[in-house]
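# Descriptive analysis of the structure
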Amino acid sequence: MSSRTAAATSGSIAEFDRTTTRWGRITMITALILSLAAPVYLVFSTDLGITGSMIWAAYLAVAAAFFVLWFVEPITYFPVLGPAAMYQAFMIGNIANKLLPSALVAQATIGAKAGTKRGEFSALMAICGAAMVHVFSMLLFVGVLGTYLVSIIPADVVDVARLYIFPSIIGAVLVQLIVTVRQPRVTVIAFAVALLVLFVLVPAVPALAKPATGIVVLLTATLAWFLRSRKDAAAPTTLVN
Amino acid sequence: MKTTLTPEGASTDILGIANLPVLWVLAIGVFGAIIVQSLVYMKAAKKAGPAADISAAELKDSFRAGAVAAIGPSLAVVLVSIALLTLFGTPAVLVRIGLVGSAATESASASLAAGTMGAALGGPDYTQAVFVVAFMAMSLSGAGWMLATLILTPILTRGDSKLRRVNPALMMIVPAAALIGAFASLGVAEFGKTPVHIISILVSAATMFVCLLLAKAMSASWLREWGLGISILVGLAVAYIAHTSGMAPAA
């Protein structure tokens, strides 16, 4: 961090910081508005009978599950990314599995050390390169080819795929999380809490069905904190985005 | 709650509204924002290059190295995205899974939102109205990450040490617990559904486990990247066999 404040005395670097901050924020706010505009358009342009209370209920369920991560992920990645790349990373996504490896490879290629201005610029260019590859492959392979592929797959296959895609994702994601986070105590607590809440508490008090996942998250976090092992040095957390 | 829904809202023709032209335009707008950002950043980096002790050739090499390193992971995301097209339509998948979020967080958000409507993602009760509410919830959840970035980045840049002084043990345990708690809850909930749901989740979990074992044994990191896509395909293939052999209750 100290290198950033020291280098900011150079006029050109200060200008770079100003430009990237201004445009980073403008482009991110634009993407934020456009991405929210899509579902808002559907709510108002279609006559589906969706009410504000339905959206609130859904939002609260999602927020209860994820609000901790909204704040923790930016704080965790900031020291690695620096301010300019923050606005790239949280718009492009797939930070841990794509953007960070790209940045490291680029720094190694030109022999730039992380934490220096050279390293920061190299990482930024690498993320730009990764972004272009990603934008192109998403538009071509998903936007064009994927849409075509779905249109020629038989309807009964599509129906079955739609029915079971969620359990097919969640099983793999859970295993990946458990293996990479490597916190057995937290994992056991999470499953015990989930089983208790979903198969004991919710059947007894059906009103708790909607906030069930939020309840599991809060109980797991609280129990994991109070039941933590006081002697282990915790391993770095792997995040989802 | 379902009583307020109109007959149109109860239609299960998801792709009929999920692929509307306006949604395509908005999705391409998000891609445009990313392209503009990269172009501005590259120009700024080139201009300030000498001050950062980095040459134009080195900037170009960095760009190329980053691009090449991203090919594998990007194609892995493509595979997962295609699998989700029937659920959310192309524009929503492009923006939510391809960009801002990830397959894990977005499908989790969608499933939670569908649950509040008394429906299951992709099930017979997964109507247009449920899709729109799920899409709204995914977008609001993704907005949470972006807003946090917009708010926290200037604070962190100023070097506000209060945020850094957060107890490190707290920063290690609470996020991990929140993450595993959320996904464990969603996973356990699948066990309350049909036998085919249970088979799907077990097969998918086992496939990922094998991928991770092989990745470690053969030090093949690509298997780690492709693990999710492979697990989804194997899970779906087994689900299809189980479903068509009559294990699922008639919907």
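Because the structure is a prediction, the values reported are computed rather than measured.

This next bit is on the packing of aromatic side chains. One pass over the structure, following the stated rule, counts seven aromatic pairs over all chains. Ring geometry for A:Tyr59 against A:Trp70: centres 6.4 Å apart, planes inclined by 25°, an arrangement best described as stacked. By relative accessible area, which is 23% here, A:Tyr59 ends up partly exposed. With 5.8 Å between their ring centres and 25° between their planes, B:Phe131 and B:Phe135 make a pair best called stacked.

When the charged atoms of two side chains lie near each other, side chains of opposite charge can form a pair. Here the structure, examined in full by the defined rule, presents seven salt bridges over all chains. With its nearest N and O atoms 2.9 Å apart, the salt bridge here joins B:Glu58 to A:Arg118. Taken together, the residues B:Glu58 in helix 3 (residues 56-88) and A:Arg118 in helix 5 (residues 117-152) connect one chain to another. Linking B:Glu106 and B:Arg96 is a salt bridge whose minimum nitrogen-to-oxygen distance equals 2.8 Å. Pair noted here: B:Glu106 is in helix 5 (residues 103-116) and B:Arg96 is in helix 4 (residues 90-100), with a separation of 10 residues, a long-range link. Taking relative accessible area as the criterion, B:Glu106 reaches 0% and is therefore assigned buried. A residue is classified by how much of its surface remains accessible, and B:Arg96, at 1% relative accessible area, is buried.

Right, let's get into the environment of B:Ala65. On the secondary structure map, B:Ala65 appears in helix 3. Residues B:Ala65 and B:Val130, spaced 65 residues apart in sequence, show a C-alpha to C-alpha distance of 42 Å. In this structure, B:Ala65 is in contact with A:Val105, A:Ala106 and A:Thr109, ignoring residues within four places of it in sequence.

Here the focus is the interface of chain B and chain A. Interfaces are frequently sized by the accessible area removed from exposure as the parts join. Taken together, the contacts link 156 residues of chain B with 142 residues of chain A. Of the roughly 13,600 Å² buried between chain B and chain A on both sides combined, carbon and sulfur atoms contribute 80%. Per-residue buried area on chain B facing chain A is highest for B:Tyr41, B:Trp145 and B:Ile180; these three make up 6% of the total on that side. Inspection of the region where chain B meets chain A yields two salt bridges. Scanning the region where chain B abuts chain A turns up 20 residue pairs in polar contact (both at pLDDT 80 or more). If you tally residues by element for the side of chain B that touches chain A, the top one is helix 6 (residues 128-157) of chain B, at 24 residues. In terms of residue class, the side of chain B that touches chain A is made up of 104 nonpolar, 43 polar and nine charged.

Residue and element names in this part refer to chain B. Under the domain assignment, chain B is made up of domain 1 (1-159) and domain 2 (191-251). Relative placement of domain 1 and domain 2: their C-alpha centres are 24 Å apart. Across the contact surface, domain 1 and domain 2 share zero salt bridges. The tally of links between domain 1 and domain 2 comes to zero residue pairs in polar contact (both at pLDDT 80 or more). Partitioning the side of domain 1 that touches domain 2 into residue classes produces nine nonpolar, one polar and no charged.

For the rest of this paragraph, the subject is a nonpolar patch on the surface. Taken together, the side chains of A:Leu195, A:Leu196, A:Phe199, A:Val200, B:Phe191 and B:Leu202 define a hydrophobic patch exposed on the protein surface, amounting to about 570 Å² of accessible area. Along the polypeptide, A:Phe199 turns up in helix 7 (residues 184-204).

Next up on the list: unusual backbone geometry. All names here are of chain A. In the Ramachandran plot, Asn 94 falls in the positive-phi region, its phi being about 50° despite a non-glycine side chain. Summarising the element assignment, Asn 94 is placed in the loop between helix 3 (52-92) and helix 4 (95-110). Under the relative-accessibility criterion, Asn 94 is labelled buried at 6%. A positive phi angle, close to 50°, is found at Arg 182, a residue other than glycine. Mapped onto the elements, Arg 182 comes out in the loop between helix 6 (155-181) and helix 7.

Here we come to helix 5 of chain B. Owing to its 3.6 residues per turn, the α-helix aligns residues three or four sequence positions apart on the same side. All names here are of chain B. Spanning 14 residues, helix 5 covers 20 Å between terminal C-alpha atoms, matching the ideal 20 Å at 1.5 Å per step. Burial runs high along helix 5: 13 of the 14 residues are buried. Downstream of helix 5 by a residue or two, Gly 118 has a phi angle that is positive, lying close to 70°.

Attention shifts here to the packing of helix 6 of chain A against helix 3 of chain B. The N-to-C vectors of helix 6 of chain A and helix 3 of chain B enclose an angle of 115°; their axes lie 9 Å apart at closest approach. Every pair of crossing elements has a handedness; the one defined by helix 6 of chain A and helix 3 of chain B is left-handed. The residues of helix 3 of chain B that touch helix 6 of chain A, namely those facing A:Val158, A:Arg162, A:Ile165 and A:Ile169, are B:Ala83, B:Leu84, B:Thr86 and B:Leu87.

Criteria and cut-off values
Residues numbered from 1 in each chain as written. Chains lettered and ligands numbered in written order. Predicted model: local features only at pLDDT ≥ 70, side-chain atom pairs only at ≥ 80, totals over all residues. Heavy atoms only, no water. Phe/Tyr/Trp six-rings, centres within 6.5 Å; stacked < 30°, edge-to-face > 60°. Buried < 20%, exposed > 50% of the residue type's maximum accessible area, 1.4 Å probe, protein only. Salt bridge = Lys/Arg side-chain N within 4 Å of Asp/Glu carboxyl O. Helix = DSSP H or I, 4+ residues; strand = E, 2+ residues; numbered from the N terminus. Contact = heavy atoms within 4.5 Å. Buried area = accessible area lost by both parts, 1.4 Å probe. Polar contact = N/O pair within 3.5 Å; in protein donor to acceptor, adjacent residues only side chain to side chain. Nonpolar A, V, L, I, M, F, W, Y, C, P; charged D, E, K, R; others polar. Domains from an automatic or database assignment. Patch = residues over 30% accessible without salt bridge, like charges linked within 9 Å, V, L, I, M, F, W, Y side chains within 5 Å. Areas by Shrake-Rupley, 256 points an atom, 1.4 Å probe, with all protein chains shown as cover. Expected span 1.5 Å × (residues − 1). Axes fitted to C-alpha atoms, helices over the stretch in contact; angles between N-to-C directions. Left-handed = near helix turned anticlockwise from the far one by under 90°.

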